[in-house]
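Chain by chain, the residues run as shown.
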Amino acid sequence: MTLAEKILAAHCGKDKVSAGDFISAKCDLVLSNDITAPIAIREFERLGFPHVFDPNKIVMVPDHFCPNKDIQSATQAAMMREFAGKHGLIYFEVGEMGIEHVILPEKGLALPGQVIVGADSHTCTYGALGTFATGMGSTDIAVAMATGEIWMKVPPTIKFVYHGKPGKWTGGKDLILYTIGDIGVDGALYSAMEFHGEAINNLGMDGRFTMSNMAIEAGGKAGLFQVDGATLRYLKGRARGKYTVYASDVDAEYARVIEYDAAKIEPQVAFPHLPSNTRPISLVGNVAIDQSVIGSCTNGRLDDLRLAARVLKGRKVDPHVRCIILPGSQQIYLEALKEGLIEIFIRAGAAVSTPTCGPCLGGHMGILAAGERCVSTTNRNFVGRMGHPRSEVYLANPAVAAASAILGRIAGPEEVK
Amino acid sequence: MPHKGKIHKYGDNIDTDAIIAARYLNMHEPRELAAHCMEDIDADFVQRVKPGDIIVAESNFGCGSSREHAPSAIKASGISCVIGKSFARIFFRNAINTGLPLLESAEAVENIKQGDTVEVDLATGTITNLSSGKTFKAKPYPDFMMEIINAGGLIEHIRKKSVGAR
Ligand code: SF4
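In short, a report on the structure. (Residues numbered from 1 in each chain as written. Chains lettered and ligands numbered in written order. Predicted model: local features only at pLDDT ≥ 70, side-chain atom pairs only at ≥ 80, totals over all residues. Heavy atoms only, no water.)

**What about the nonpolar core?**
Within the largest apolar cluster, 79 residues are counted, with the highest numbers of intra-cluster contacts made by A:Met60, A:Met152, B:Phe61, B:Ile74 and B:Phe91. In terms of residues, this core owes the most to one element, helix 5 (residues 138-147) of chain A, which gives six residues. Contacts of B:Ile74, omitting those with residues within four sequence positions, involve B:Ile19, B:Cys37, B:Ile55, B:Phe61, B:Ile79, B:Val82, B:Phe91 and B:Leu100. Counting 60 residues, the second largest nonpolar core, distinct from the first, contains A:Leu31, A:Leu104, A:Cys124 and A:Ala270. (Core = buried A, V, L, I, M, F, W, Y, C linked by side-chain atoms within 4.5 Å. Buried < 20%, exposed > 50% of the residue type's maximum accessible area, 1.4 Å probe, protein only. Helix = DSSP H or I, 4+ residues; strand = E, 2+ residues; numbered from the N terminus. Contact = heavy atoms within 4.5 Å.)

**Regarding the packing of aromatic side chains**
All names here are of chain A. By the definition in use, this model includes 14 aromatic pairs over all chains. Judged by centre distance (6.1 Å) and plane angle (45 degrees), the rings of Phe22 and Trp151 are tilted. Of this pair, Phe22 sits in strand 1 (residues 22-26) while Trp151 sits in strand 7 (residues 149-153), placing them 129 residues apart in sequence. A relative accessible area of 26% places Phe22 in the partly exposed class. With 5.3 Å between their ring centres and 85 degrees between their planes, Tyr178 and Tyr260 make a pair best called edge-to-face. Residue Tyr178 is located in helix 6 (residues 172-183), and its partner Tyr260 is located in strand 11 (residues 256-261); the two are separated by 82 residues in the primary sequence. With a relative accessible area of 32%, Tyr178 lands in the partly exposed category. When its relative accessible area of 8% is taken as the criterion, Tyr260 is described as buried. (Phe/Tyr/Trp six-rings, centres within 6.5 Å; stacked < 30°, edge-to-face > 60°.)

**Some thoughts on the sheet that holds strand 10 (residues 222-225) of chain A**
Hydrogen bonds between backbone groups are what pair the strands of a sheet, and the pairing can be parallel or antiparallel. All names here are of chain A. The parallel open sheet is built from four strands, whose spatial order is 10-9-8-11. Each edge of the open sheet carries a strand with a single partner, namely strand 10 and strand 11. Here the average twist between neighbouring strands, direction ignored, is 25 degrees. Inspection of the sheet shows strand 8 (residues 157-163) paired to strand 11 by six bridges, in the parallel sense. Across the sheet, residue Val161 finds its bridge partner in strand 11, namely Glu259. (Pairing = 2+ DSSP bridges. Axes fitted to C-alpha atoms, helices over the stretch in contact; angles between N-to-C directions.)

**Notes on the site of the ligand**
Residue and element names in this part refer to chain A. Around the ligand, a shell composed of 13 residues is seen, among which His122, Cys297, Cys357, Cys360 and Asn379 lie nearest. Listed by contribution, the elements that provide at least two residues to the shell around the ligand are helix 4 (100-106) and helix 10 (296-299). Here the shell around the ligand is composed, by residue class, of five nonpolar, five polar and three charged. (Near = heavy atom within 4 Å. Nonpolar A, V, L, I, M, F, W, Y, C, P; charged D, E, K, R; others polar.)

**Side note on the side chain of A:Asp63**
Residues and elements named next belong to chain A. Here Asp63 shows up in the loop between strand 3 (58-61) and helix 3 (71-87). Lacking a salt bridge, the buried Asp63 has Arg301 as its closest oppositely charged neighbour, with an N-O distance of 10 Å. Setting aside residues up to four positions removed in sequence, Asp63 forms contacts with Asn33, Asp34, Met97, Gly98, Ile99, Glu100, Thr356 and Cys357. (Lys, Arg positive; Asp, Glu negative; His and termini not counted. Salt bridge = Lys/Arg side-chain N within 4 Å of Asp/Glu carboxyl O.)

**Some details on unusual backbone geometry**
Residues and elements named next belong to chain A. With an omega dihedral of -10 degrees, the bond running from Cys66 to Pro67 counts as a cis peptide bond. Relative to the assigned elements, Pro67 resides in the loop between strand 3 and helix 3. A cis geometry characterises the amide bond from Pro272 onward to His273, with omega recorded as 0 degrees. Positive phi outside glycine occurs at Ser296, with the angle close to 85 degrees. Tracing the backbone shows Ser296 in helix 10. The residue Met365 is not glycine, and still its phi comes out positive at about 65 degrees. For Met365, the position within the fold is in the loop between strand 16 (351-352) and strand 17 (373-376). Relative accessible area serves as the criterion here: at 40%, Met365 is assigned to the partly exposed category.

**Some points on the sheet that holds strand 6 (residues 132-135) of chain A**
Residue and element names in this part refer to chain A. Across the sheet, five strands lie side by side as 4-3-2-5-6; this open sheet has parallel pairing. The outermost strands of the open sheet, each flanked by one partner alone, are strand 4 (90-91) and strand 6. Relative to strand 3, strand 2 (residues 29-33) runs parallel, the two sharing four bridges. Within strand 3, the position partnered with Leu31 by the bridge is Val59.

**Thoughts on the pattern of salt bridges**
Within this structure, the stated rule accounts for 28 salt bridges over all chains. For A:Arg380, the salt bridge goes to A:Glu217, with nearest N and O atoms at 2.6 Å. Here A:Arg380, found in the loop between strand 17 and strand 18 (392-395), pairs with A:Glu217, found in the loop between helix 8 (205-213) and strand 10; they are 163 residues apart in sequence, far enough to count as distant. Where B:Arg48 meets B:Asp44, a salt bridge forms, and the shortest distance between an N and an O atom there is 2.7 Å. Classification of B:Arg48 by relative accessible area gives partly exposed; the value is 30%.

This is the structure in structure tokens:
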């Protein structure tokens, strides 16, 4: 069996499951946020269950439009806060919060071998820990909160192998953008993606979270890594409970195996308006920008900020560019502060924000006007994603976003003198 | 009861930001959301759409965010069902859960144009293009999903099951 099949079999009381089976899976963690929780709460009340199945397995995070951006957002956040309080759920208030997919692993809540469902499409991020994690809608989450179980179809698994050593400025973001550019935004529709190979073994946890995060951008249901030394080191002193490590069998059945030479993958830029619309940095041409955003559940972790700081250190952001940096959590913000990264950013002329999804989904903290262009380390560049329907978002890694902020056009870090 | 209405046709990879932009996610009432349905890619959809109308789309309709606001907005706008070549996974779940019928038929999509009048019989999955007289068959749902659809959505399905178990 594949890693996905093994975890799912263990969560539905079966010895074996295969792609296409319908199962009812037990959930180890059930997640929602300030946008999706209000509907989940409404549907939960309609179900008529007096209690949630287990308050210690339900997490609510105010991150999308929080700190509250307007009265309506405040009303939705209040609805979530009240429900979380009433049922004694795990809840992070703004002072200790972060973007949901950054803090669940950081706080040791997401663990290997678990099944995690979340009313947010990027719930797949936890696959980096060898977790079967997938996004669903609010109604599904209401049912999972009440019963602790949810129906699922066991997905086929596509195996991706990244051979060789990637170049200095090529990271997890580039490997996954390259992959999506190759297979398309529905290239892994309904499937689990499994990441393997030399380049993957050498990738740090933050880079792995970035890759799992964007499995959904290929239509995937999950993006999984095998647990190794790096995973175990990450979990040490952090894991809030016991966990089980599963691994794919050597004779596991894959729907497809796709192999790449990572040494040939340059930093990638996804042009509007699809994450699959990728070009290597050397073929981007002259694209002037108005804004550069560094953050999000894709690239708002400490390694990402370090990378941006390496490029921005001692340099200045172009006066025509708004460079906005959003650490993914309060913990990351604090560590970046201690390491001196925040000072580098501010001296370079970048704005640093409290953790929030903010501009990633066009919420607040950096909305684009008609005709404006932004290079962003986020995961989606759909029409209107960051503001006006006639604005444009280009997806890239943090080093490219930092270099672009300095040069005022999309550029690789090697072009910065 | 068959659904009958005019066609609103879209291309590949219509994402949930296009169906309902994130700037409106500070609301969650279906009627409020419907007022902005498809706004960024089809500004006068809301003025054009009539109760019973049908959306026809190419591949991967509903990709992107998990927002259930998307099928809710489509349903509340008056659209009776969506015919597509394929649907994104989370959108598919959300539509089933909230009672927006989806029909998968590549042949139907290729043979239906913007503005055609189409009739859909959900019970049999039959799609008839009244403008051309052609008929198509949608891919049947697995039995397990039919149970949820017949119960009237996931909440009703679970309510029935948990009452049975008590
Ligand atoms: S940072 Fe962006 S992609 Fe991630 S959870 Fe927030 S809105 Fe979604």
